[in-house]
Amino acid sequence: MFAEVVFPLPFRNAFSYSVPPEFKDLISVGKRVAAPFGKRVLTGFVIALRESVDVKETIKDIQDVLDKDPIFDLKDLEFYRWIAEYYLSSLGEALKLSVPQGVEVETKRKVIADADFCKKLLETESKKNTTRIKILELLSVRNDISYTALQKLLKKKNIYSSIRSLEKEGAISVIDELEDAKVKIKKQKYVELNKSVGEIYAFIPEIERKAPNQVSTLLELIAKKNKPYALSALTEKLKITSQVVNALEKKGLVRIIEKEVERKYSEKFTEAATEFTLTDQQNKVIAEVTNNIEDSKFEVFLLHGVTGSGKTQVYIELITKVLAKGKTALVLVPEISLTPQMTIRLFNHFGESVALLHSRMSLGERFDSWRKILSGKSRVVVGARSALFAPLKDIGLIVVDEEHDSSYKQQDVVPKYYARDAAVVRGKFSNCPVILGSATPSIESMYNAKTGKYKLIELPERIDNAKLPKITLVNVIIERKKKRMENIFSKTMLEKIDDRLKKHEGTVILQNRRGFATQVFCNDCGEIETCENCSVAMTLHLNQNILHCHYCGLTKKVPNACTTCGSLSIKYFGTGTERVEDELAYYFPDARIARLDSDSIQKKDSLSNILNSFKKGDIDVLIGTQLVAKGMDIPRVTLVGVISAETSLWMPDFRADERTFQLLTQVAGRAGRSQIEGEVVIQTQNENHFVLKMVLENNYQKFYDKEIKDRETVGYPPFTRLCLIETKDLEDEKAKGAIDDFYKEIYAFRKYFKVLPPSTPTIAKLKNNYRYQILLKSERSTDQSGAILRQALLNSFTEFNKKSRYRDVRITFDIDPQNVI
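Analysis parameters
Residues numbered from 1 in each chain as written. Predicted model: local features only at pLDDT ≥ 70, side-chain atom pairs only at ≥ 80, totals over all residues. Heavy atoms only, no water. Buried < 20%, exposed > 50% of the residue type's maximum accessible area, 1.4 Å probe, protein only. Helix = DSSP H or I, 4+ residues; strand = E, 2+ residues; numbered from the N terminus. Arc of directions from axis to C-beta. Contact = heavy atoms within 4.5 Å. Axes fitted to C-alpha atoms, helices over the stretch in contact; angles between N-to-C directions. Parallel < 35°, antiparallel > 145°, perpendicular 65-115°, else oblique. Left-handed = near helix turned anticlockwise from the far one by under 90°. Nonpolar A, V, L, I, M, F, W, Y, C, P; charged D, E, K, R; others polar. Pairing = 2+ DSSP bridges. Lys, Arg positive; Asp, Glu negative; His and termini not counted. Salt bridge = Lys/Arg side-chain N within 4 Å of Asp/Glu carboxyl O. Polar contact = N/O pair within 3.5 Å; in protein donor to acceptor, adjacent residues only side chain to side chain. Phe/Tyr/Trp six-rings, centres within 6.5 Å; stacked < 30°, edge-to-face > 60°. Lys NZ or Arg CZ within 6 Å of the ring centre and 35° of its normal.

With that settled, the discussion passes to helix H9 (residues 231-238). Residues of H9 that are buried include every one of Leu231, Leu234 and Thr235, and no others. Buried residues of H9 fall within an arc of 90° about the axis and therefore sit on the same side. Away from the buried face of H9 by more than 90 degrees, exposed residues Glu236 and Lys237 are located. Where H9 is buried, its residues meet strand S9 (187-193), helix H8 (212-223), strand S10 (229-230) and helix H10 (242-250).

Structure follows, in structure tokens:
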């Protein structure tokens, strides 16, 4: 027997391995195996089994089968093949999405050093700043380091010749170590009686005087009625050591067993389960989708429901119907901020059959949640974009909530999939309906609904007779002239906040920037404090007295003087959430104010604790970034304030207008979700801007009509398919040389699509890598599936690797990018 195995590496072909006799009954398609790959051992995925292979080379054996049950079946495999083909990755890289982080078994290369010998060699070196010198400096103070860590510290990939040279001299040894998975099944020791209660009581007099701790242990186990007792709990309660239990085990009175323990993520956000009376509009929407659930028929529904229209309850009613059919359901949410409320509502309805998957969970919690899904114990999965790849079987419904959100796009690693679009394809392979829900649908999704590709279903009114909030635009330029501005706040907004504080109602303030000030600059020479690794200004975090780069994570102390000219005239520019919090505390010293941004929710459960306190009325004003705009349903919120409407409007991106409209409409929707009417105050420098007028009117249709015409005129999605080609390297010359060479290859296909010349992105340097880009625009009318575009990219990449001297520079292809800056 032979197995075809793919690895999570950028190789598009499968590799053949022989299956030893001891694994023939264990191996199957869909399982992971440990197999030799070059000099290493890696985790791979079995995609086929064959009786013979046409390979002349020596075929290596598989070393181990890692899974008891298959992770994917042949239908799932087709879905992962589509991911790999469409987003231009290898099948192995796509299949890596099917397993949680930390389960890989692989060989890690390690450098073992003779530190004293390295010091001696360092003293004899005459040249400075060579790779060899840098390696010796590092290894003269440490005995071992992983190969990848050494490359990162040196900021250089190609260190092989220097390492080989030092290995020959006897200064270092390079070894390969097989590392187990970082996360495994957790087991806990339990104690139970090994004899009848009568026999135990008969034995107690023999040990009563000499071993009183053993007696108390036996009596505790008897009181437990011989149910297994966790060893750690037993020793803690009786204040004994495990040696007491070991002694009883030797006497044959108890036995110690190991039991599997589930690491459960506990959601601290609370919400009482309530009975809902569905509106006629909700019932109509449910009836539309139910037909497809009953017939196991694929169709995409775009649910356009205003904020507070009860979309979540529609999802719950439909999931109930799916579970009644013996099928499973998948609910995707864009941000962890949406997870607490969505999760608790699903738990209230479906109990333990709900599984959670998101980045706030520990590796162990995610692994155990994933295993529950794989075993079929969890039939409803809710989570962020990675939850799309949960190993659910017999999917009956897929829901993508807030489908317009750009965080559904994977920006960082290959494959750079878009979870919303991939969810539609998974629904097609699963023969189930897919619901894309939003109060502000993306232009692409609404276009698909208007052209008949999706079916539009609507919830145009709020539930419980709640009204949409009244929106007021405040021009800060005019207010400043009238002397009605108090630093960053207009007096209009401060008056509204004061009114809500007196009424004990909730207020939400949006400022979509973290930190205190967005820039620190010198008033004399004009120099801005920028990140050493990225071409961006560093953000001032006054609470910690540091400058922080929000892209690479670099932090440094706030300088007392200009680092360029030495001037003491340092100024702070721009407004972040910390400054809003600070100023608001000055104007309202008795108000209870909290901040909700990615800095304030670093600790586990902090997000849920903040939302719980706000819901109960322990927090008066909640200040935050876009996290406060998404999915938060708290009836006591009657006022929403926006510090600056232009924060996202001025971004150099063709989606800037759309994202601003969505953000402002969504945050406005947090107000007035009860019988008390809500109010929204938006501070702006141009209240006549078309986007702000549409927000004021709550007129999605008019905004869509203008935006779709603009997109068609300039050739942007949904009329074209975009691909962003990017080169990255530590050396500027190499990154630029690579993009120029690739441009020569891709330009040969210019008759099939538009090829824009190489350019420097807005952020030219990111995480110490210089970046260059090429944007491709392919007309959907002539290349509907994007097959021509993808083939051209693959052909160009092949030619680039043959001809370019910059072939070692990293090139990435981003199909359907959501960010072009």
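Back to the write-up after that little detour.
Here the focus is the packing of helix H24 (residues 732-746) against helix H25 (residues 787-803). In the contact formed by H24 and H25, the axes pass within 9 Å of each other and the chain directions differ by 125°. Put simply, H24 runs oblique to H25. The two elements H24 and H25 meet at a crossing, and its hand is right-handed. Here Ala738, Asp741, Phe742, Glu745 and Ile746 of H24 lie close against H25, whose contacting residues are Ala792, Leu793, Ser796, Phe797, Glu799, Phe800 and Lys803. Grouping the amino acids of the contact of H24 with H25 by side-chain chemistry returns seven nonpolar, one polar and four charged.

This brings us to the sheet that holds strand S19 (residues 470-475). Across the sheet, six strands lie side by side as S19-S31-S30-S22-S29-S28; this open sheet has parallel pairing. Two strands close off the open sheet at either side, each with one partner strand: S19 and strand S28 (593-596). Geometrically, the sheet is characterised by an average inter-axis angle of 20° between neighbouring strands, direction not taken into account. In terms of strand pairing, strand S22 (residues 506-510) meets strand S30 (residues 637-642) through five bridges, oriented parallel. Paired with Leu510 across the two strands is Val642, which belongs to S30. Each of S19, S22, strand S29 (621-624), S30 and strand S31 (679-684) is contacted by helix H18 (residues 491-503), which is oriented at about 160° to S30, the strand it contacts most. On the sheet, helix H20 (residues 606-616) packs against S22, S28, S29 and S30 and is oriented at approximately 140° with respect to S28.

What follows is about the environment of Lys297. Structurally, the position occupied by Lys297 is in the loop between helix H11 (280-295) and strand S12 (300-305). Relative accessible area serves as the criterion here: at 45%, Lys297 is assigned to the partly exposed category. Along the backbone, Lys297 and Ile821 are 524 residues apart, and their C-alpha atoms lie at a distance of 39 Å.

Examined against the element boundaries, Arg670 turns out to sit in the loop between helix H21 (656-668) and S31. For the buried Arg670, no salt bridge is present, and the opposite-charge side chain at shortest range is Glu402, 5.1 Å distant. Of note is the side chain of Arg670, whose polar atom sits 3.0 Å from the backbone oxygen of Met632. Of the polar contacts made by the side chain of Arg670, one reaches the backbone oxygen of Gln666; its length is 2.9 Å. Excluding its chain neighbours within four sequence positions, the residues that come into contact with Arg670 are Thr307, Val628, Ala629, Gly631, Met632, Ile634, Val637 and Val640.

For the rest of this paragraph, the subject is unusual backbone geometry. Leaving glycine aside, a negative phi is the common case for residues, and trans is the common case for peptide bonds. The omega torsion of the bond from Val414 to Pro415 falls at 0°, within 30 degrees of zero and hence cis. As for its placement among the helices and strands, Pro415 is situated in the loop between strand S16 (395-401) and helix H15 (419-430). Note that the residue after Pro717, namely Pro718, is joined by a cis bond; omega there is 15°. If you check the backbone angles, Asn545 has positive phi at about 55° while not being a glycine. The residue Asn545 is located in the loop between strand S24 (539-541) and strand S25 (546-548) in this model. When its relative accessible area of 45% is taken as the criterion, Asn545 is described as partly exposed.

Turning next to the packing of aromatic side chains. One pass over the full model with this rule turns up 31 aromatic pairs. Ring centres of Phe7 and Tyr17 lie 6.1 Å apart, and the angle between their planes is 75°; this geometry places the pair in the edge-to-face category. On the criterion of sequence distance, the pair formed by Phe7 in the loop between strand S1 (2-6) and strand S2 (15-18) and Tyr17 in strand S2 is long-range, its members being 10 residues apart. The class of Phe7 is buried, set by a relative accessible area of 3%. Residue class for Tyr17 comes out buried when judged on its relative accessible area of 5%. Ring plane angle 45° and centroid distance 6.4 Å describe the contact between Phe45 and Phe72, whose orientation is recorded as tilted. Of this pair, Phe45 sits in strand S4 (residues 40-50) while Phe72 sits in the loop between strand S5 (64-65) and helix H1 (74-86); the two residues are 27 residues apart in sequence, bridging distant segments of the chain. The exposure classification of Phe45 matches that of Phe72, with both residues buried. Aromatic ring contacts, followed pair by pair, group Phe45, Phe72, Phe79, Tyr80, Phe389, Tyr417 and Phe429 into a single cluster. Sitting over the ring of Tyr190, Lys259 keeps its end group 4.9 Å from the ring centre.

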